[in-house]
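Fold and contact review
This is what each chain is made of:
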Amino acid sequence: MNASIIFVLLIVLMLTGMPISISLGLTVLTFLFTMTDVPVESVALKLFTGIEKFEIMAIPFFILAGNFLTHGGVARRMIRFASSMVGHWHGGLGLAGVMACALFAAVSGSSPATVVAIGSVILPAMVKQGFPNKFGAGIITTSGSLGILIPPSIAMVMYSVSTNVSVGAMFIAGIVPGLCLAFLLGLTTWNIARKNNYPRLPKASAKERLIAFKESIWGLLLIVVVMGGIYSGIFTPTEAAAMAAVYAFIIAVFVYKDLPLKRLPKVLLDSASMSAMLLYIITNAVLFSFLMTSENIPQAMADWMIAQGFGPIAFLLVVNILLLLAGNVMEPSSIILILAPILFPVAMKLGIDPIHFGILIVVNMEVGMCHPPVGLNLYVASGITKMGISELTMAVMPWLLTMLGFLMVVTYWPGLTLWLPQLLAK
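Treat the numbers as computed from the prediction; the structure is a model and nothing was measured. Sequence order sets the numbering: in each chain, residues are counted from 1 along the sequence as written. Totals for whole chains, interfaces and linings use every residue, but because this is a predicted model, local features are given only for residues with pLDDT of at least 70 and side-chain atom pairs only at 80 or more, for both listing and counting. In computing side-chain properties, one takes all heavy atoms of the structure into account and sets aside hydrogens as well as water.

**Observations regarding the overall build of the chain**
What the chain contains, in helices and strands, is 20 helices and 0 strands. Here the C-alpha atoms of the chain give a radius of gyration of 22 Å, agreeing with the 22 Å that 2.2 N^0.38 yields for 426 residues. Counting only C-alpha atoms and orienting by the principal axes, one finds that the chain spans roughly 70 × 50 × 45 Å. When a residue's accessible area, from a 1.4 Å probe over protein chains only, is under 20% of the maximum for its type it is buried; when over 50% it is exposed; and in between it is partly exposed. Looking at the chain residue by residue over its 426 residues, the buried ones come to 54%. Here the analysis covers contacts within the chain between residues at least 6 apart in sequence; of these, 79% occur between residues at least 24 apart. Taken as a whole, the chain presents about 17,600 Å² of accessible surface, with 71% of it coming from carbon and sulfur. All tallies of charge rest on Lys and Arg as positive and Asp and Glu as negative; His and the ends of each chain are not included. Charge placement uses NZ in Lys and CZ in Arg. For Asp and Glu, CG and CD serve respectively. Of the side chains in the chain, 21 bear a positive and 15 a negative charge, and the two mean positions are spaced by 21 Å. Going along the chain from the N terminus, every DSSP run of H or I of four or more residues is numbered as a helix, and every run of E of two or more is numbered as a strand. We compute the radius of gyration over the C-alpha atoms and compare it with the globule rule, which gives 2.2 Å times the number of residues raised to the power 0.38. Note on contacts: a residue pair is in contact if any heavy atoms of the two residues lie within 4.5 Å. Using a 1.4 Å probe, the Shrake-Rupley method yields the accessible areas, and only the shown protein chains count as cover for residues.

**Side note on the state of the cysteines**
What counts as a disulfide here is a pair of cysteine sulfur atoms lying within 2.5 Å. Enumeration over the complete set of coordinates arrives at 0 disulfides. Free cysteine Cys101: the closest other cysteine sulfur is in Cys370, separated by 10 Å. In this structure Cys101 comes out as buried when scored by relative accessible area, which is 0%. Judged by relative accessible area, which is 0%, Cys370 ranks as buried.

**Quick word on the environment of Cys180**
Take Cys180: it is sitting in helix α10 (residues 167-196). Those residues in contact with Cys180 that sit more than four places away from it in its chain are Phe406 and Leu416.

**A closer look at the packing of helix α4 (residues 58-71) against helix α12 (residues 237-255)**
For helices, the fitted line uses only the C-alpha atoms of the stretch in contact; every axis is such a line through C-alpha atoms, and the angle between N-to-C directions lies from 0 to 180 degrees. Close contact between α4 and α12 brings their axes to 8 Å; oriented N to C, the two are set at 20°. Relative to α12, α4 is oriented roughly parallel. Crossing of α4 over α12 shows left-handed handedness. Residues Ala58, Phe61, Phe62, Leu64, Ala65, Phe68 and Leu69 of α4 pack against Pro237, Thr238, Ala241, Ala242, Ala244, Ala245, Ala248, Phe249, Ile251 and Ala252 of α12. Gly is put with the polar residues, along with every residue not named as nonpolar or charged; the nonpolar set is Ala, Val, Leu, Ile, Met, Phe, Trp, Tyr, Cys and Pro, and the charged set is Asp, Glu, Lys and Arg. Each residue belonging to the contact of α4 with α12 can be placed in one class, and the counts come to 16 nonpolar, 1 polar and no charged. Geometric relationships in this document are graded by angle, where less than 35 degrees denotes roughly parallel, more than 145 denotes roughly antiparallel, 65 to 115 denotes roughly perpendicular, and other angles denote oblique. Crossing handedness: left-handed means the near helix sits turned counterclockwise from the far one by under a right angle, and right-handed means the same turn made clockwise.

**Focus: the packing of aromatic side chains**
Note on aromatic pairs: the rings of Phe, Tyr and Trp (six-membered ring only in Trp) are paired at centre separations within 6.5 Å, and the planes decide the class, stacked below 30 degrees, edge-to-face beyond 60, tilted for the rest. For the structure on display, the rule yields 11 aromatic pairs. Here the aromatic rings of Phe131 and Phe135 are separated by 5.7 Å at their centres, their planes lie at 10°, and the arrangement is stacked. Comparing Phe131 with Phe135 shows no difference in burial state: the two are buried. Three or more aromatic residues joined by ring pairs make a cluster, and in this case those are Phe131, Phe135, Tyr198 and Trp399.

**Describing the pattern of salt bridges**
Counted as salt bridges are all cases of a side-chain nitrogen of Lys or Arg within 4 Å of a carboxyl oxygen of Asp or Glu. Within this structure, the stated rule accounts for 4 salt bridges. For Arg77, the salt bridge identified is with Asp258, shortest N-O distance 2.7 Å. Of the two residues, Arg77 sits in helix α5 (residues 74-86) while Asp258 sits in the loop between α12 and α13 (264-294), which places them 181 residues apart along the sequence. In this structure, the salt-bridge partner of Asp270 is Lys266, at a minimum N-O distance of 2.9 Å. Here the residue Asp270 and the residue Lys266 both occupy positions in helix α13, the gap between them amounting to 4 residues, near one helical turn. Owing to a relative accessible area of 53%, Lys266 belongs among the exposed residues under this scheme.

**Description of the environment of Arg209**
Tracing the sequence through the fold places Arg209 in helix α11 (residues 206-231). Given the relative accessible area of 22%, Arg209 is considered partly exposed. Each C-alpha atom, one on Arg209 and one on Gln308, is 58 Å from the other, the two residues being 99 residues apart in sequence.

**Focus: the nonpolar core**
Core analysis: the biggest nonpolar cluster contains 149 residues, and Ile118, Phe135, Tyr159, Phe288, Phe315 and Phe357 have the highest contact counts within it. Per-element accounting of this core gives the leading share, 12 residues, to helix α6 (residues 92-108). Working definition of a nonpolar core: buried Ala, Val, Leu, Ile, Met, Phe, Trp, Tyr and Cys residues. They are joined through side-chain atoms within 4.5 Å.

**Considering α12**
Residues of α12 that are buried: Pro237, Thr238, Ala240, Ala241, Ala244, Ala245, Tyr247, Ala248, Ile251, Ala252 and Val253. Buried positions along α12 lie against α4, α5, α10 and α11. Just beyond α12, the residue with positive phi is Lys257, at close to 60°.

**Overview of unusual backbone geometry**
Looking along the chain, the bond that leaves Pro151 and enters Pro152 is cis, with omega of 0°. Structurally, Pro152 can be placed in the loop between α8 (133-143) and α9 (154-163). Even without glycine at this site, Asn197 takes up a positive phi of about 55°. Position of Asn197 relative to the elements: it lies in the loop between α10 and α11.

**Observations concerning the side chain of Thr393**
Topologically, Thr393 is positioned in helix α19 (residues 389-412). Those residues within four positions of Thr393 in sequence are excluded, and the remaining contacts are Pro372 and Leu378.

Written out as C-alpha cells, the structure reads:
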C-alpha cells in the first residue's frame, strides 16, 4: 500500500512538469511528514550524508575533463585518425564516426558530450561528401551512446554509488561490451553504406596514418592515464577523474592550444552547472532510496517476485522492459538512482552478479538515450543536424534495433561482461 502511494505521488508530481529531482524530494518529504513519525533532523542528515561518498567526486571531474576535450580540438584529431584507418571502406566517414565516438567515449565519460564533440565536426563533413543527412545523424546519435558504456563512465559511477559496487570493477566490465557494441554499430553502418553505394575516402598511406596518429596521440594517451592508473592501482577512479581533468586542461590549453584562456571561465561555469544539476538529483535520489529502505519496499518486492516463481531469466526480462519504459519519460541519471537501489536487492536474492546487472542497466540507458520522447542524444543531435525529433527517430532505427539485439545478448550472456574482470582477478 505504502509503495503504491509513494509511486503514485512521484508520477503525479512528474506529470505536472516538475523537474525529477524536485519531484523526488517532495515525494519523500510529503510521505515522511504525513504518514510516518520520522524526525525532520534525520531528513536533513540524510541530505548531507547522501553526497558524502568519495566516489561522487569523480562525477564533476569527469564532466570537466569532457568539457575541456570537447572545446579543445581533441575530437577533430580523433576523427582524422579514425578516417585514415577505416575511411576507405564502404561508408568511410560514417565508420570513422563510429570509431571516433568509441575513442572519445574512452576519455570523456559522457554520452551527450561525445555526440556534440564528434557530431559537430563529422556531420558537416559527411553532408559535404554526399552522404544523406539522416545517415550521419543515425550514426552519431547511437554511437555517441558509447560514452556511457566504454569506461570511464559517469553512469557507472552513479550505479556504483547507488549499490556500493566497485567503480573500478564496473569500468573493467564495460570494456568488452563497449567494444562489441562499437563493432556492431560499425557493421550496421558498413552494411547500409554498401547497399546504397555511399561514398568512400581514398585509402590513406602508412605515412598519412602515422601523421594522424601522432596528431591525436595526446588525446589517446588520456585513455592510458585514466584506465592504466586505475588498473595498475596507482590511483582510485575518483583520483583518476581528477587526473583526467588536469591532463585534459593541459593538452587543450598548452599542447593543442585550441582552448584560449579567455574561454576557460565559460567551460568551468558549464561544468559547474552540469555537476550541480547531477549532484542535486543524486541528493534527492538518496533521500528517495532512504524512504524505500525504511518502508522495506525493495525487500518486499524481492520476496513477492520469488514467491511468484520468478527466476533470473524472467526477472531480467521484466527489468529490461521496466528500464526501457522508464527511458521514455526520464533521463539515465534519474533512472539509475531511483531504480537501481530497488531492483538490486532482488537481483542479489536471485543470484545475479552485481557487475553483470550494472552493465545491463547501463546498456538499457544507452537505448533510452536514442529514442523519444526524452532521449538526450536525440535532442543534442537535433541541434547539430537541424532535423526534427520524429525525422531523427526514423533515422536512428537501424542502429537502435542493433542496440536492442545487443541488449538481449548482454542480458542472457553474463560471460561477455564478466570475462575480463574474472581474468584480471586471477
